[in-house]
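Fold and contact review
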Amino acid sequence: MLRSCAARLNSLRGLRGLRGGTAGSSFPLKNIVHENHSLPKPCWSKDMRLLFDQMMKKCEDGSWICFPSHKYGSTKMNQGFSAIIHDYFSTASKVINKENMSQAQLFCGSFEDGLGFEYAMFYNDAEERVVCLFEGGPYLQGAPGFLHGGAIATIIDHTIGMSAMWAGGVVMTANLNINFKRPIPLCSVVVINSQLDKIEGRKIFTSCNIKSIDEKTLFTEATGLFIKLKPEKNI
């Protein structure tokens with residue numbers, strides 16, 4: 001999640017600015033540039049495209065924002081993260097392999113189109129909600145014909161993490177509690193509804209559920225605890 005937070009926070013700051021300005025001026029994002037992949041793709045199913053178009057309609061009055069989606073790492077991104085790691089993880093920065101960083105890719109965007117995580121995220125500031133439209137590709141299979149539980153956990157962390165980052169800036173996942181109610185069919189489209197529950201100091205609490213597009217089937221419920229990081233606090 002940390003590997004994608006810089007690109008996403010940079011996009012959010014460019015759209016509306018972080019709530020409360022909690023990210024801190026020391027977060028070096030201005031030189032991190034990515035191509036936006038949050039556009040309808042040819043690989044998307046009819047249901048995915050329909051839901052995307054419906055959410056984009058809601059964005060027209062400004063009540064919702066479509067988060068840009070970033071696929072692959074870049075030299076500028078990795079240079080930016082070198083500074084981030086130095087500020088927030090000074091001990092770790094001494095042992096991180098720079099060559100490995102140069103080859104790094106964002107996990108949720110490291111698959112070829114249509115094979116892995118296909119998603120689009122939207123945010124409503126007034127309601128403090130993130131909605132993620134998600135279609136898990138064939139490379140995310142667990143039990144035959146269904147999504148792997150780890151893939152579901154990944155997209156949950158990705159989604160509720162957006163709620164936490166919007167509220168707190170640079171955060172890391174401290175706890176995920178997931179209840180798998182029903183298996184999610186492979187290559188089906190589901191809707192993840194996430195919300196910010198409360199903030200206690202540096203602790204940010206979020207929750208979400210995953211439902212079918214007709215909202216009749218509840219697949220998963222989850223809660224998350226994220227910790228807001230500070231440059232002066234070493235991990």
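Now for a quick tour of the structure.

Cut-offs and rules
Residues numbered from 1 in each chain as written. Predicted model: local features only at pLDDT ≥ 70, side-chain atom pairs only at ≥ 80, totals over all residues. Heavy atoms only, no water. Core = buried A, V, L, I, M, F, W, Y, C linked by side-chain atoms within 4.5 Å. Buried < 20%, exposed > 50% of the residue type's maximum accessible area, 1.4 Å probe, protein only. Helix = DSSP H or I, 4+ residues; strand = E, 2+ residues; numbered from the N terminus. Contact = heavy atoms within 4.5 Å. Pairing = 2+ DSSP bridges.

Some words on the nonpolar core
Across soluble globular proteins, nonpolar side chains show a tendency to be buried alongside one another. Counting 34 residues, the largest nonpolar core has Phe117, Tyr119, Phe134, Ile156 and Ile210 as its most contacted members. Of all elements in the fold, only β2 (117–124), β3 (129–136), α5 (149–168), β4 (171–180), β5 (189–200), β6 (203–212) and β7 (218–228) reach the threshold of two or more residues within this core. Ranked by the residues each element gives to this core, the list is headed by α5, at 10 residues. When near neighbours in sequence (up to four residues on either side) are disregarded, phenylalanine 117 contacts Phe107, Cys108, Phe111, Phe134, Glu135, Leu140, Ala151, Thr154 and Ile155. In terms of nonpolar packing, the next biggest core, distinct from the first, is built from 14 residues, Trp44, Met55, Trp64 and Val189 among them.

What to know about the pairing of β3
Side-chain direction in a regular strand flips from residue to residue, so the side chains alternate between the two faces of the sheet. In terms of burial, β3 is largely enclosed, as seven of its eight residues are buried. Of the strand pairs in this sheet, β2 and β3 are connected by eight bridges, and their pairing is antiparallel. The partner of tyrosine 123 across the bridge, within β3, is valine 130. The turn linking β2 back onto β3 is made up of four residues, and glutamate 128 within it adopts a positive phi angle of 55 degrees. Note that β3 and β5 share seven bridges and pair antiparallel. Following the sheet pairing, arginine 129 is matched in β5 by glutamine 195.

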